[in-house]
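Now for the letters of each chain:
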Amino acid sequence: MAGSLRGMKPFPRKFPRCLALAFLAVTIHGALLGQSAGVAVVPKGRVELFDGRSLSGWTFVSRNTNADAAAIWSVTNGVIACQGRPNGYARTLKTYRDYQLHAEWRWPEGPGNSGVFVHVNPPDKVWPLCFEAQLLAGSAGEIRMNGGSTANELKPENPRSVPRQKPSSEKPAGEWNSCDIVCRSNRIAVRVNGILQNEITGTSADSGAIGLQAEGTPVEFRNLVLEPLPSPATSK
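This write-up is about the structure you can find in this document. (Residues numbered from 1 in each chain as written. Predicted model: local features only at pLDDT ≥ 70, side-chain atom pairs only at ≥ 80, totals over all residues. Heavy atoms only, no water.)

**What to know about the pairing of strand β12 (residues 187-192)**
- Summarising the sheet, strand β11 (residues 177-184) and β12 pair through six bridges and their orientation is antiparallel. The residue of β12 that forms the bridge with Cys179 is Val192.
- Hairpin connection between β11 and β12: a loop of two residues separates the two successive antiparallel strands, and Ser185 in this loop has a positive phi of roughly 55 degrees.
- Where β12 and strand β13 (residues 195-201) come together, six bridges link them in antiparallel fashion. Counted as the bridge partner of Arg187 is Thr201 from β13.
- In textbook terms, the turn of a hairpin is the stretch between consecutive antiparallel strands, and for β12 and β13 this stretch comprises two residues, one of which, Asn193, has a positive phi near 50 degrees. (Pairing = 2+ DSSP bridges. Helix = DSSP H or I, 4+ residues; strand = E, 2+ residues; numbered from the N terminus.)

In structure tokens, the structure reads:
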């Protein structure tokens, strides 16, 4: 902040105090926006979020700030392997909006807990403001509101999540599952293995980074791909 205001000339001695304070407030607000604002990418073609060889383009957040990211996240045989502990997430360095996301996951050591984050917004913390396509075994397709995010479908009995709408479409532990998420403006739809499990509207964020969750259990990810939005008629 100080750096962004450095070099400002002092107000004239007769400059009205109320105008000076208003000018300063606008200047500070503009400086803050300049620090946090980023242009969200709208995919115009296929975007590979994971190149199959490295974690280039990703950053890592952990509840234990001394945790070595390489001890939690690694690439083996074209797969992102997450050890699950300590709790945290990997997220893309770029932010995105209006896209369809394809991701595949499996539990290599038995059923567990993880999730795919969309619209991840700062600050980085456990957990950030985002929407989570839940991958918890038995609940895949639930949508969770993290970090203060909200949506129209939230109910008093479920103030932080919207349960999946159909019977489980998950595969047995050890097999690969697919999660397809369509983010269109303030609407998010989630399919698990091709079955539409959830849709929410009126989300409090419509852009942000994309993340993978570490939450206690080894989990593997592959084929993380963004595509341009389908037509509205085929996105349901």
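**Section: the state of the cysteines**
- Scanning the model with the defined rule gives zero disulfides in all.
- Distance from the sulfur of Cys179, which forms no disulfide, to the nearest cysteine sulfur (Cys183) is 10.0 Å.
- What makes Cys179 buried here is its relative accessible area of 1%. (Disulfide = S-S within 2.5 Å. Buried < 20%, exposed > 50% of the residue type's maximum accessible area, 1.4 Å probe, protein only.)

**Focus: the environment of Gly57**
- Structurally, Gly57 can be placed in the loop between β1 (47-48) and β2 (58-62).
- Relative accessible area serves as the criterion here: at 36%, Gly57 is assigned to the partly exposed category.
- Separated by 36 residues in sequence, Gly57 and Leu93 have C-alpha atoms that sit 5.6 Å apart.
- Residues contacting Gly57, with those up to four places away along its chain left out, are Arg91, Thr92 and Leu93. (Contact = heavy atoms within 4.5 Å.)

**Considerations on the sheet that holds strand β5 (residues 88-92)**
- The strand order across the open sheet built from seven strands is β2-β5-β14-β7-β8-β9-β10, with neighbouring strands paired in antiparallel fashion. Only two strands of the sheet have a single partner each, and these edge strands are β2 and β10 (161-162).
- As paired strands, strand β9 (residues 143-146) and β10 are joined by two bridges and run antiparallel to one another. The residue of β10 that forms the bridge with Ile143 is Val162.

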